[in-house]
Amino acid sequence: MTVTPDLRTALPAGPDLLRSVFRQHAAGVAVITAAGGAPVGFTATSLTSVSAQPPVISFGIGVGASSWPTVAEAGHVGVHILAEGQADLAATFARSGADRFGEPTCWSEGPEGVPVLDGVLAWMVCKVIARVPAGDHRIVLAEAVCGDLPGAGRPLLYHQGRFNALRD
């Protein structure tokens, strides 16, 4: 069924409209990590494949995020694709003030000292190549250095403000 939009009821652009529109967009859930004085990490739904050759990804991070000062200086970051059963892990890395690397999070120091999470569908360590200003965020571009696909199963999704799984 095709619905023709009523252009007379268009809402003005702003943060509320952007959030409302993107609640309709299902996105994969990733955790981005970086090494610093202490490891940092955050949940991201803005992960994008940018280029296959060279293998470049991007993600956004708010400049007010607690992880930003470390990510702003990091030479490398970890990118982790979460599985459908990892909503609790995603919530931990999304929660302000959480001990993200304490129990029950399982992780190891990976290549370039980057924290690598256990049990994820896939992970990569990427070399940061640019940080591009974009409003109150920065878009980080990073080139994959190494990674693995240790997990099996389906990805965790974020839709309508909740973590979800794919359905058949």
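Below or above, wherever it landed, is the structure these notes cover. (Residues numbered from 1 in each chain as written. Predicted model: local features only at pLDDT ≥ 70, side-chain atom pairs only at ≥ 80, totals over all residues. Heavy atoms only, no water.)

1. A short note on the environment of Asp136
Logical step 1: With respect to the helices and strands, the residue Asp136 is situated in the loop between β9 (122–134) and β10 (137–148).
Logical step 2: Judged by relative accessible area, Asp136 falls into the exposed class, the value being 54%.
Logical step 3: Leave out the neighbours within four places in its chain, and Asp136 touches Gly62 and Val63.
Logical step 4: Within the structure, Asp136 has its side chain in polar contact with the side chain of His137 (distance 2.7 Å). (Helix = DSSP H or I, 4+ residues; strand = E, 2+ residues; numbered from the N terminus. Buried < 20%, exposed > 50% of the residue type's maximum accessible area, 1.4 Å probe, protein only. Contact = heavy atoms within 4.5 Å. Polar contact = N/O pair within 3.5 Å; in protein donor to acceptor, adjacent residues only side chain to side chain.)

2. Topic: the pairing of strand β3 (residues 40–44)
Logical step 1: Taking burial as the measure, the five residues of β3 include five buried ones, the bulk of the element.
Logical step 2: Across five bridges, strand β2 (residues 30–34) lies against β3 in antiparallel orientation. Opposite Thr33, over in β3, you have Gly41 as the bridge partner.
Logical step 3: Here β2 folds back onto β3 in antiparallel fashion, the turn holding five residues. (Pairing = 2+ DSSP bridges.)

3. Structural notes on the sheet that holds strand β12 (residues 162–165)
Logical step 1: In spatial order, the strands read β1-β11-β12; together these three strands make up an open sheet with antiparallel pairing. The two strands at the open ends of the sheet, each matched to only one other strand, are β1 (27–28) and β12.
Logical step 2: Bridging between β1 and strand β11 (residues 156–159) involves two bridges; their strand directions are antiparallel. Across the sheet, the residue bridging to Gly28 is Leu157, located in β11.

4. Section: the pattern of salt bridges
Logical step 1: For the coordinates displayed, the defined rule picks out two salt bridges.
Logical step 2: With a closest N to O distance of 3.0 Å, Asp6 and Arg8 form a salt bridge.
Logical step 3: In this structure, Asp16 engages Arg19 in a salt bridge whose closest nitrogen and oxygen atoms are separated by 3.3 Å. Residue Asp16 and its partner Arg19 are both found in helix α1 (residues 15–23); the two are separated by three residues, about one turn of the helix.
Logical step 4: With relative accessibility at 58%, the residue Asp16 sits in the exposed group. (Salt bridge = Lys/Arg side-chain N within 4 Å of Asp/Glu carboxyl O.)

5. Quick look at the pairing of strand β4 (residues 48–51)
Logical step 1: Where β4 meets strand β5 (residues 56–62), three bridges bridge the pair, whose relative direction is antiparallel. For Ser51, the partnering residue across the bridge sits in β5 and is Val56.
Logical step 2: Linking two consecutive strands that pair antiparallel, namely β4 and β5, is a turn of four residues.

6. Some thoughts on the sheet that holds β5
Logical step 1: Judged by pairing direction, the sheet is antiparallel, and its seven strands sit side by side in the order β3-β2-β6-β9-β10-β5-β4 without closing on themselves. Unpaired on one side and paired on the other, β3 and β4 mark the two borders of the sheet. Here the strands of the sheet are splayed against their neighbours by 35 degrees on average, with no regard to which way each runs.
Logical step 2: The strands touched by helix α3 (residues 87–94) are β2 and β3; relative to β3, the strand with the most contacts, the crossing angle is about 115 degrees. (Axes fitted to C-alpha atoms, helices over the stretch in contact; angles between N-to-C directions.)

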